[in-house]
Amino acid sequence: MALNFRQGEEFDPCSCISFIKSKMGRFEPLGYPNIMIPNAEIPWPGYAVLTDEGPYGHIALILHIEGSNLLISEANYQPCKVSTRSLDISDPRIRGFWY
């Protein structure tokens, strides 16, 4: 399972929330990731993963799932940069999934 980005989308690379809102087409205020309530029981490409990383939590976009590995894309995990990384679904930093 995989998800591809569309070109030309705008977001603030210094904000994981701005990135997620742009990638998921959301416009409502979301608050900090550490107070967002997970609303999905399983991960799926195009959903977000909520983690307890950083003082306000973190949110990233699930691009691909292979076995127990999530390939995620995120903004501001590295300060003011967009990056990708793998995260194991059993990682204790994962709070849940959101769509």
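Note that the coordinates shown come from a computational prediction; the quantities given were computed from them, not determined experimentally.

Colleague: Let's hear about the overall build of the protein: which residues, and what values?
Modeller: For the protein, the helix and strand inventory stands at one helix and five strands. When the helices and strands of the protein are read in sequence order from the N terminus, they spell out α-β-β-β-β-β. Taken against the 2.2 N^0.38 rule, which gives 13 Å for 99 residues, the C-alpha radius of gyration of the protein at 12 Å falls within 12% of a compact globule. Counting only C-alpha atoms, the protein reaches 30 × 30 × 25 Å along its principal axes.

Colleague: So what's going on with the state of the cysteines? Residues and values would help.
Modeller: This model, assessed by the stated rule, comprises one disulfide. Residue pairing for Cys14: its cysteine sulfur links by disulfide to Cys80, the two sulfurs lying 2.0 Å apart. Because the sign of the S-S torsion sets the handedness, a value of about 120° for the bond joining Cys14 and Cys80 places this disulfide among the right-handed ones. Here Cys14 is found in the segment before helix 1 (16-24), whereas its partner Cys80 is found in the loop between strand 3 (69-75) and strand 4 (82-88), with 66 residues between them in sequence. Among the residues examined, Cys14 registers a relative accessible area of 35% and is labelled partly exposed. We classify Cys80 as partly exposed; its relative accessible area is 40%. No disulfide involves Cys16; its sulfur sits 11 Å from that of Cys14, the nearest cysteine. Judged by its relative accessible area of 10%, Cys16 falls in the buried class.

Analysis parameters
- Residues numbered from 1 in each chain as written.
- Predicted model: local features only at pLDDT ≥ 70, side-chain atom pairs only at ≥ 80, totals over all residues.
- Heavy atoms only, no water.
- Helix = DSSP H or I, 4+ residues; strand = E, 2+ residues; numbered from the N terminus.
- Rg over C-alpha atoms; globule rule 2.2 N^0.38 Å.
- Disulfide = S-S within 2.5 Å.
- Buried < 20%, exposed > 50% of the residue type's maximum accessible area, 1.4 Å probe, protein only.

Read these as geometric descriptors, not functional statements.
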